[in-house]
Amino acid sequence: MFRQAKWREPLIFELSVEGRVGHIPPRVDEEIKESVGDVFQSFPKELLRENINLPELSEVDVARHFIRLSEMNYGVDSGPYPLGSCTMKYNPKVNEDLASLDNVAWLHPYQDESTIQGALKLLYLVEKWLAEITGMHRVTLQPSAGAHGEYVGCLIIRAYHKFKGEVNRDEIIVPDSAHGTNPASAAMAGFRVVVIPSAEDGCIDLEALKAAVSSRTAGLMLTNPNTLGIFEEHILEIADIIHDAGGLLYYDGANLNGIMGKVRPGDMGFDIVHINVHKTFSTPHGGGGPGAGPVGVVDFLEKFLPIPTVEFDGKRYYLDYNRPYSIGKVRSFYGNFAVLVKTAAYILSMGSRGLREAAELSVLNTNYFIKKISNVKGLSLPFSHNKPRKHECVLSASKLFKDTGVRALDVAKMLLDYGLHAPTMYFPLIVKEALMIEFTDTESKENIDRYVDVLREIVRDAYENPDKVKSAPVNTAVGRLDDVKASHPRTMCLSWRMYRKRLLECSVGEG
Ligand SMILES: *Cc1c(COP(=O)(O)O)cnc(C)c1O
C-alpha cells in the first residue's frame, strides 16, 4: 500500500563520477569548425568559459535519477487527487497528443494571418462553444488563469461604469465563502472590497446583501455552486438585487465541472463569467503550469473585451485590434494556445452529452462520498447537512480536534502515508478544521470507497493513538515541511548550490 520509503535523492552533481560519459557527440565537420571558429574570435575573451561545470554521468544514471525524482511527486496520473475547488481530474492523453502535433506546437505568434487560418478557426470555435456552455454572448480566450480572468472581468466592470459616467461605483461585493482570488482581483482592479457574511444555510445572506448594495456598488462576485458545493437557490433574486442597484454580476466559473450542460451562468443572470479551462476542460494544472481563464460577457459588454478578438468575415479569420472601447491588451499574443487546443479536443471528444454526463458524475461522486463518510466519527458536514452538494463538499474535523487534538492538517498529512493526495485544507474560511473534497467525474467508485476506508482508519488512529497521526507522514521522501520557511523567499532554496548550503536548515528529509 505504501508508495515509497523515505529517502533523499542525491543532487545530480553528487552523482557525478569523473570521466563517466553518457553520450559522445558526433564529430564537428571541419567546414563548420572553421566558420564557428570565426564566430568565437569575435567574442570578447572574458565572456568565453574555459570549462563548464556539468555533472559526469552515464545515460542510465540520468534516466534513473529523474525517474526517482518523478516518483517523489504525486499527480492525477498517480492516484486520486481530491483537492477541493481545484478540479484535479484525469486529462485524457489524446488531448495532449493533439496539442503537441507539429502544426500546433511549431506555430509562431508572428506568423502571417494567412498561414494560421486553422489556428484562428480553432480559437473562433472554442470561443463559440464556451459562449454556448456559459450562456454568454462573446468570450475572450486570452487570460492565462482563473485569477487573471477575474482581473480582466473586474477591468471590464470598471470600463462599463466609466463608460456610463458612473465613476463613483468603486465597491465590489464578495461573500465570505469566496475563493481568495476574488477579493484580490477586485482590489487589484482598484475596487474597495465589501465582504458579506454567509447565512446559516451556507448561502448568501439576502438581508446582508440588500444592506450592502448602494450607489457605490460596481458589482458582485459569486461562485455558484459556492465553495461549499451548495447551489445558491436564490440566484435570480440575488441578480435582481444587484441589477436594480446598477451593478453587474460576475460569475467565478472556476468550478464549472458540476454544472456544465445543466445550467448556465448567463441564464442565472450573470453578466461576466470566467472559466478555468485547466480545471474543467482537460489540462494538467498542478504546480501552476500553463492554464487559461477565458472570460465571457453579455452583449452590452462585448465592446470592452480585450484586444485582439478573433473574427470571421465569411472568407477568412482575422485578429481585430480596432476596438476603441476595449480595456486593451491583457496578455502577449493570443493566450496559451496549446491549452486552448486541449479545450477544443476535450469538448469535441465529449460532445454536449458527454459534458453533461461529466457534470452528473462529479455530483454523484460527491454525494456518494458524503453518504459513505457520514458515519465516520469526528467528521461532519457543516451548513445544510441535508442538502445535496454539487462538485465538492467541505467536511469539518472540529469534533475530531476537540476529542483527540488531531487537526484537519494531521489527517491530511497521514493520507500521504497511504499514497493518497490530501484534500484542500482550511478553506473556505467559514468552516473550522475544513477538509474540502472534490473527486470529480473521473474517480471510480472503488477509489472513493478506498479513500473513505483510509479516512476511517486515520480517524480510528486519532482516537486510539493521536501521536501517530500527529507525526505523519513517515513514508514519504520528505516529512513535515516548515510551511513558512518553505515558501519564504529568504529561506527558499532556488538553486542546487543554495540547496547544498542550506541542506540542514531546509529540513529536507533525512538529509
Ligand atoms: C481555482 C479557483 C480560482 C483561481 O483560478 P487560478 O487558475 O488558480 O487562478 C478562482 N476561484 C475558484 C473558486 C477556484 O477554485
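Note that the coordinates shown come from a computational prediction; the quantities given were computed from them, not determined experimentally.

Some remarks on the site of the ligand
So, step 1. Close to the ligand lie 13 residues; Ser 85, Gly 146, Asp 252, His 278 and Lys 279 are nearest.
So, step 2. Between the ligand and Asp 252 there is a distance of 2.6 Å, counted from a nitrogen atom to a side-chain nitrogen or oxygen.
So, step 3. Broken down by element, the shell around the ligand gets its largest block of residues, 3 residues, from helix α6 (residues 146–163).
So, step 4. Here the shell around the ligand is built from residues that sort into 3 nonpolar, 7 polar and 3 charged.

With respect to the sheet that holds strand β12 (residues 434–437)
So, step 1. What the 3 strands build is an open sheet, ordered β10-β12-β11; its pairing is antiparallel. The open sheet has two free edges, formed respectively by β10 (393–396) and β11 (424–425), since each of these has just one partner strand.
So, step 2. By the bridge criterion, 4 bridges tie β10 to β12 in an arrangement that is antiparallel. Residue pairing for β12: Cys 393 is matched across the bridge by Ile 437.
So, step 3. Contacts from helix α12 (residues 337–373) reach β10 and β12, with the element oriented near 20 degrees to β10.

Notes on the pattern of salt bridges
So, step 1. All chains considered together, the criterion is met by 30 salt bridges.
So, step 2. Between Asp 441 and Lys 89 there is a salt bridge; the shortest N-O distance is 3.4 Å. Of this pair, Asp 441 sits in the loop between β12 and α15 (445–464) while Lys 89 sits in the loop between α2 (59–71) and α3 (93–99), placing them 352 residues apart in sequence.
So, step 3. Accessibility expressed as a relative area gives 2% for Lys 89, which makes it buried.
So, step 4. Among the salt bridges present, the one from Asp 403 reaches Lys 399, with a minimum N-O distance of 2.7 Å. Of the two residues, Asp 403 and Lys 399 are both situated in helix α13 (residues 398–404); the distance of 4 residues between them amounts to about one turn of the helix.
So, step 5. Residue Asp 403 is classed as partly exposed on the basis of its relative accessible area, which comes to 39%.
So, step 6. Residue classification places Lys 399 among the partly exposed residues on the basis of a relative accessible area of 45%.

What about the layout of surface pockets?
So, step 1. One number sums up the size of the second largest pocket: a volume of about 450 Å³.
So, step 2. What lines the second largest pocket is a set of 19 residues, and nearest its centre among them are His 108, Pro 109, Ile 116, Phe 333 and Tyr 334.
So, step 3. Only α4 (102–105), α5 (117–134) and α12 provide two or more residues apiece to the lining of the second largest pocket.
So, step 4. Considering only residue class, the lining of the second largest pocket consists of 15 nonpolar, 3 polar and 1 charged.

Quick notes on the pairing of strand β3 (residues 192–196)
Side-chain direction in a regular strand flips from residue to residue, so the side chains alternate between the two faces of the sheet.
So, step 1. Relative to β3, strand β2 (residues 171–175) is paired through 5 bridges, and the arrangement is parallel. The partner of Glu 171 across the bridge, within β3, is Arg 192.
So, step 2. The handedness of the β2 to β3 crossover, carried by helix α7 (residues 181–188), is right-handed.

Thoughts on empty space enclosed by the protein
So, step 1. If you walk through the whole model with that rule in mind, you get 1 cavity of 30 Å³ or more.
So, step 2. Of the pockets and cavities examined, the largest cavity occupies roughly 40 Å³.
So, step 3. Forming the boundary of the largest cavity are Pro 175, Ser 177, Ala 178, Asn 182, Met 221, Leu 222, Thr 223, Asn 226, Thr 227 and Glu 232.
So, step 4. Its residues placed into classes, the lining of the largest cavity shows 4 nonpolar, 5 polar and 1 charged.

Re the state of the cysteines
So, step 1. In the structure shown here, the tally under the stated rule is 0 disulfides.
So, step 2. Note on Cys 203: no disulfide assigned, nearest cysteine sulfur contributed by Cys 393 at a separation of 15 Å.
So, step 3. Among the residues examined, Cys 203 registers a relative accessible area of 4% and is labelled buried.

Looking at the environment of Asn 182
So, step 1. Looking at the element boundaries, Asn 182 is found in helix α7.
So, step 2. C-alpha of Asn 182 to C-alpha of Leu 222: the two residues are 40 residues apart in sequence and 8.5 Å apart in space.
So, step 3. Every residue in contact with Asn 182, bar those within four places of it in the chain, is listed here: Glu 150, Val 174, Met 221, Thr 223 and Asp 252.

Re unusual backbone geometry
So, step 1. Note that the residue after Ile 307, namely Pro 308, is joined by a cis bond; omega there is -5 degrees.
So, step 2. Relative to the elements of secondary structure, Pro 308 occurs in the loop between β7 (295–297) and β8 (309–312).
So, step 3. Positive phi, normally seen in glycine, also occurs at Thr 87, with a value near 45 degrees.
So, step 4. Here Thr 87 is to be found in the loop between α2 and α3.
So, step 5. Given the relative accessible area of 0%, Thr 87 is considered buried.
So, step 6. Positive phi, normally seen in glycine, also occurs at Thr 440, with a value near 65 degrees.
So, step 7. In this structure, Thr 440 sits in the loop between β12 and α15.

Reading guide: rules and limits
Residues numbered from 1 in each chain as written. Predicted model: local features only at pLDDT ≥ 70, side-chain atom pairs only at ≥ 80, totals over all residues. Heavy atoms only, no water. Near = heavy atom within 4 Å. Polar contact = N/O pair within 3.5 Å; in protein donor to acceptor, adjacent residues only side chain to side chain. Helix = DSSP H or I, 4+ residues; strand = E, 2+ residues; numbered from the N terminus. Nonpolar A, V, L, I, M, F, W, Y, C, P; charged D, E, K, R; others polar. Pairing = 2+ DSSP bridges. Contact = heavy atoms within 4.5 Å. Axes fitted to C-alpha atoms, helices over the stretch in contact; angles between N-to-C directions. Salt bridge = Lys/Arg side-chain N within 4 Å of Asp/Glu carboxyl O. Buried < 20%, exposed > 50% of the residue type's maximum accessible area, 1.4 Å probe, protein only. 1 Å grid on protein atoms, 1.4 Å probe; cavity = no way out; pocket = protein on both sides within 12 Å on 5 of 7 lines; lining within 4 Å. Points joined across faces, edges and corners; volume = space filled by probe spheres on them. Right-handed = clockwise from strand over helix to strand, strands pointing away. Disulfide = S-S within 2.5 Å.

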